[in-house]
Amino acid sequence: MKTGGIDSGQIQAMIAQLKAAAQRPEAMAPGVLRPDAANAAQPSTKVDFSAALKGALDGVAESQNKAEALGKRFQMGDESVNLSDVMIQMQKASINFQATVQVRNKLVQAYHDIMNMQV
């Protein structure tokens, strides 16, 4: 059944893909650390904060670059790129950036709280 030029079957298939992607554990945002069974067995693993932060920021930058490149390909008329793919990638990049800004805000707030503590 076509609705306004869009096949409702395609819409249902896209919704099913989004639901499946949301339930995969690897669908987490870049830089988000998740506990693994192997890491849980080790009592104290040393994590380098600067490396973790750099990895997260690189992941956000990569996501934004990928969204921009996909958007440019769509604008140039590349028929292998769908508008829905472009919009989904742009939303992923936006969410990743917003999460990064929120983490930065929390870090700045924690820094101010520590600096204002009386010793």
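Residues numbered from 1 in each chain as written. Predicted model: local features only at pLDDT ≥ 70, side-chain atom pairs only at ≥ 80, totals over all residues. Heavy atoms only, no water.

S.K.: Pulling in residues and values, what's your account of helix α3 (residues 49-75)?
M.R.: Residues three or four positions apart in an α-helix share a direction because the helix packs 3.6 residues into each turn. In this model, α3 (27 residues) spans 39 Å end to end at C-alpha, consistent with the 39 Å of a helix rising 1.5 Å per residue. Where the residues of α3 are buried, they touch α4 (83-115). Just past α3, the residue Gly-77 takes up positive phi, approximately 95°. (Helix = DSSP H or I, 4+ residues; strand = E, 2+ residues; numbered from the N terminus. Expected span 1.5 Å × (residues − 1). Contact = heavy atoms within 4.5 Å.)

S.K.: Could you give an account of the environment of Met-90, naming the residues involved and the relevant values?
M.R.: With respect to the helices and strands, Met-90 occurs in helix α4. When its relative accessible area of 38% is taken as the criterion, Met-90 is described as partly exposed. Taking the C-alpha atoms as reference points, Met-90 and Gly-71, separated by 19 residues in sequence, lie 8.3 Å from one another. The residues touching Met-90, leaving out its near neighbours within four places in the chain, are Ala-67 and Gly-71. (Buried < 20%, exposed > 50% of the residue type's maximum accessible area, 1.4 Å probe, protein only.)

S.K.: Can you explain the packing of α3 against α4? Please cite residues and give values.
M.R.: In a packed pair of helices, the relevant descriptors are the angle between the two axes and the axis-to-axis distance. At a minimum axis separation of 9 Å, α3 and α4 run at an interaxial angle of 150°. What the angle tells us is that α3 and α4 run roughly antiparallel. The two elements α3 and α4 cross, and the hand of that crossing is left-handed. From α3, Phe-49, Leu-57, Val-60, Ser-63, Gln-64, Lys-66, Ala-67, Leu-70, Gly-71 and Phe-74 reach across to α4, where they touch Leu-83, Asp-85, Val-86, Gln-89, Met-90, Lys-92, Ala-93, Asn-96, Phe-97, Thr-100 and Leu-107. Class assignment for the residues of the contact of α3 with α4 results in 12 nonpolar, six polar and three charged. (Axes fitted to C-alpha atoms, helices over the stretch in contact; angles between N-to-C directions. Parallel < 35°, antiparallel > 145°, perpendicular 65-115°, else oblique. Left-handed = near helix turned anticlockwise from the far one by under 90°. Nonpolar A, V, L, I, M, F, W, Y, C, P; charged D, E, K, R; others polar.)

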